[in-house]
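Understanding the architecture of this molecule
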Amino acid sequence: MPGYATYTGPPVQVSLDPSPAQDSGAGLLCVGVFDEASPPEWLREAPGAADVRTSFKKLTMLRPPSPERVLVIGLGPVGDFDSERARVAASLGVRQAQRYGASRLAWQVPGGAPIAAAIAGGTILTAYRFNSLKSERGDDDENEGAGPVELILHGADGADELVAVARVAAIAANRARDLQNLPANIADPDYMAARAAEIAAGSEAIEVEVLGPEQLAGLGMGGLISVGDGSAKDPLLIVLRYTGQPEADPLGIVGKAVTFDSGGISLKPSASMHEMKMDMSGGAAALEATAAIAELGLELNLLTVVPAVENMPSGSATRPGDVITQLNGKTVEINNTDAEGRLILADALTWCAREGATQIVDLATLTGAVVVALGSTHAAVIGNDDALVGAVEQAGATVGELVWRLPLHAEYKELMKGTVADLTNAAPKRKAGSITAAAFLEEFIEDARWAHIDIAGTAWDVGRPYVGRGASGYGVRLLVELARSLAESEQTT
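About the cut-offs
Residues numbered from 1 in each chain as written. Predicted model: local features only at pLDDT ≥ 70, side-chain atom pairs only at ≥ 80, totals over all residues. Heavy atoms only, no water. Helix = DSSP H or I, 4+ residues; strand = E, 2+ residues; numbered from the N terminus. Rg over C-alpha atoms; globule rule 2.2 N^0.38 Å. Buried < 20%, exposed > 50% of the residue type's maximum accessible area, 1.4 Å probe, protein only. Areas by Shrake-Rupley, 256 points an atom, 1.4 Å probe, with all protein chains shown as cover. Pairing = 2+ DSSP bridges. pLDDT = per-residue confidence, 0-100. Contact = heavy atoms within 4.5 Å. Axes fitted to C-alpha atoms, helices over the stretch in contact; angles between N-to-C directions. Salt bridge = Lys/Arg side-chain N within 4 Å of Asp/Glu carboxyl O. Phe/Tyr/Trp six-rings, centres within 6.5 Å; stacked < 30°, edge-to-face > 60°. Lys NZ or Arg CZ within 6 Å of the ring centre and 35° of its normal. Parallel < 35°, antiparallel > 145°, perpendicular 65-115°, else oblique. Left-handed = near helix turned anticlockwise from the far one by under 90°. Nonpolar A, V, L, I, M, F, W, Y, C, P; charged D, E, K, R; others polar. Polar contact = N/O pair within 3.5 Å; in protein donor to acceptor, adjacent residues only side chain to side chain. Core = buried A, V, L, I, M, F, W, Y, C linked by side-chain atoms within 4.5 Å.

Points about the overall build of the chain
- Looking only at helices and strands, the chain has 13 helices and 18 strands in total.
- Radius of gyration (C-alpha) of the chain: 23 Å, near the 23 Å computed for a compact globule of 493 residues.
- On the principal axes, the C-alpha backbone points of the chain span a range of 80 × 55 × 45 Å.
- For the chain, with 493 residues in total, the buried portion stands at 58%.
- Accessible area for the chain stands at about 19,200 Å²; split by element, carbon and sulfur atoms hold 48% of it.

Quick look at the structure:
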């Protein structure tokens, strides 16, 4: 993809150093201190040690003779400290490293392997910058300067594997953030397909396939065709097949990629329409998670399916009131052309199941209703299989990409029944918008075990210290952890 980097942030190399933290040669050393504890003995006589505060996120800069700078970070009560707090603490260290132009950042790890992994991931996510489209890249803010390119973890014995996974997953999340941040005149369906081909070219274990409009029409993918009808850009079905465990059924990953969502004829308000370049966030997460899983060599098979399309109004656009036929033969009346994501997902889910995926996870910036219900703290997860949904919940909790399960009841399906067709794409009553959207999707999963993750509230402007505003890359780290846990469970059965 000439002219545009797939990851514009610093690479951040991570190493584990068994030597004492006080011997670190880093430009900034971070030392966490819990409530009712004191700094390490070697720091207690350093200038400013008396000013150390241990409440969570409180910072004190000390300047002992060596190393040059020590940032004491308050960690709060030891019983409250977990991986999420470690990621937040890591973000504070990165901000100070940027302030002082410290390219080498070190930590005295205040815990075991999961804490070390969280610090590594939090550091890489915080160091992310998107500036590839700027002609001049000045540092206008003291906290926007050159960030760390090396992270050294002291006291992290036995954390090699978890730290390696965290590093690969965080860099992949940053690549997804690049895709989210790119404008729609660059990151269109063809660009997404080119990125998929690039991923496949980088791994012998991945094959790529791209289905164009003629193939989609021939298969009967009425959802993808109808949404793409209003745009000059062709709709595509992008497929990556990763083989990490021959003969096993693949895990299906389906990611919604509406590269720009104007709403179609049911036009969105103009005030924030420019942000609708991020409606491909599920597809970005699916692609980059697949790349990370292949890089880690996880022992499972993946079938990653990304329906990519642009939703625009034009003389050829699908109209409210039109009826389409989806891949599985069900007819849908289009009552709202801004409820387009479920139409392309419906075809992709059916295709994924028919290609052999016995369990499927889909990610989509699907409904505004989920933002009202859960804000940006949790994504919603809805599914038909307790074990799969539970695995998604556990993976999200491990990496800090939280999900909250919403119910799936037969009564919600009643709300999605059509008047002149089998189904409607938008319920006439404004009830349970996120759940009714999932109830619609359930009509298209064939016999697969399935979990749907609505990331409309978590893909953008989450506001957590280590991802800030704008693109969050949500879902990449969750999918990597989910794949890792499923691969491990297969090995033990």
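Here we look at the pairing of strand β10 (residues 257–261)
- Along β10, five of the five residues are buried, which leaves the element largely enclosed by surrounding structure.
- One ladder, built from four bridges, connects β10 with strand β11 (residues 301–311); its direction is parallel. Residue pairing for β11: Asp261 is matched across the bridge by Asn311.

Let's talk about the confidence of the model for the chain
- Per-residue confidence for the chain gives a mean pLDDT of 94, with 95% of residues at or over 70.
- Low pLDDT (under 50) marks residues 1–5, which in the prediction has 10 contacts with non-local residues, meaning those over four places away or in another chain.

Quick notes on the sheet that holds strand β6 (residues 150–154)
- With respect to topology, six strands assemble into an open sheet ordered β1-β6-β5-β2-β4-β3, the strand pairing being mixed. In this open sheet, the two edge strands, each paired with only one partner strand, are β1 (13–17) and β3 (59–62). The average angle at which neighbouring strand axes cross in this sheet is 25°, direction not considered.
- In terms of strand pairing, β3 meets strand β4 (residues 70–76) through four bridges, oriented antiparallel. Paired with Leu59 across the strands is Ile73, a residue of β4.

Some points on the sheet that holds strand β12 (residues 323–325)
- Here three strands make up an open sheet; going across it, the order is β12-β13-β17 and the pairing mixed. Either end of the sheet is taken by a strand with one partner, and the two such strands are β12 and β17 (423–424).
- As defined by bridge partners, β12 adjoins strand β13 (residues 331–333) across three bridges and the pair is classed as antiparallel. Of the residues in β13, the one forming a bridge with Val323 is Glu333.

What about the pattern of salt bridges?
- Enumeration over the complete set of coordinates arrives at 24 salt bridges.
- One salt bridge in this structure joins Glu68 and Arg69, with 3.4 Å as the shortest N-O distance.
- The class for Glu68 is partly exposed, based on a relative accessible area of 47%.
- The partner of Glu198 in a salt bridge is Arg195, with the nearest N and O atoms 2.4 Å apart. Taken together, the residues span about one helical turn, with Glu198 and Arg195 both in helix α4 (residues 189–201) at a distance of three residues.

Brief notes about the packing of aromatic side chains
- Overall, the coordinates contain two aromatic pairs when judged by the stated rule.
- Judged by centre distance (5.3 Å) and plane angle (80°), the ring pair of Phe34 and Phe81 falls under edge-to-face. Residue Phe34 is found in strand β2 (residues 28–34), and its partner Phe81 is found in the loop between β4 and α1 (83–100); the two are separated by 47 residues along the sequence.
- Take Phe34: its relative accessible area is 18%, and that puts it in the buried class.
- Exposure remark for Phe81: the relative accessible area of 12% places this residue in the buried category.
- Their ring planes at 45° and their centres at 5.1 Å tell us that Phe440 and Phe444 sit as a pair that is tilted.
- Sitting over the ring of Phe56, Arg85 keeps its end group 4.0 Å from the ring centre.

With respect to the packing of helix α2 (residues 113–126) against helix α3 (residues 160–181)
- Following both chains from N to C, one finds α2 and α3 inclined at 25°, their axes separated by 8 Å at the closest point. Between α2 and α3, the crossing angle belongs to the class labelled roughly parallel. Here α2 runs over α3; the crossing is right-handed. Each of Ala113, Pro114, Ala116, Ala117, Ala120, Gly121, Ile124 and Leu125 in α2 lies in contact with α3, whose residues at this interface are Leu162, Val163, Ala166, Arg167, Ala170, Ile171, Ala173, Asn174 and Arg177.
- Partitioned by chemical class, the residues of the contact of α2 with α3 number 13 nonpolar, two polar and two charged.

Describing the side chain of Ser434
- With respect to the helices and strands, Ser434 occurs in helix α12 (residues 433–442).
- Of the residues examined, Ser434 reaches a relative accessible area of 5% and is grouped as buried.
- Within the local environment of Ser434, its side chain forms a polar contact with the backbone nitrogen of Val370, the two atoms lying 3.0 Å apart.
- Excluding residues within four positions of it along the chain, Ser434 makes contact with Thr367, Ala369, Val370, Ile382, Leu406 and Asp454.

Considerations on unusual backbone geometry
- Cis geometry marks the peptide bond from Ser66 to Pro67, where omega comes out at -5°.
- When you line up the elements, Pro67 lands in the loop between β3 and β4.
- The backbone of Glu446 shows a phi angle near 55°, a positive value even though the residue is not glycine.
- Within the secondary structure layout, Glu446 lies in the loop between α12 and β18 (449–454).

Considering the nonpolar core
- Grouped together as the largest cluster of nonpolar side chains are 108 residues, with contacts concentrated most on Ile119, Leu153, Leu300, Val361, Val392 and Ile453.
- For this core, the leading source of residues is α3, giving 10 residues.
- In this structure, Val392 is in contact with Val361, Val381, Val403, Ala451, Ile453, Leu478 and Leu482, ignoring residues within four places of it in sequence.
- Ranked by size, the runner-up nonpolar core spans 46 residues in total, among them Leu349, Trp351, Met416 and Phe444.

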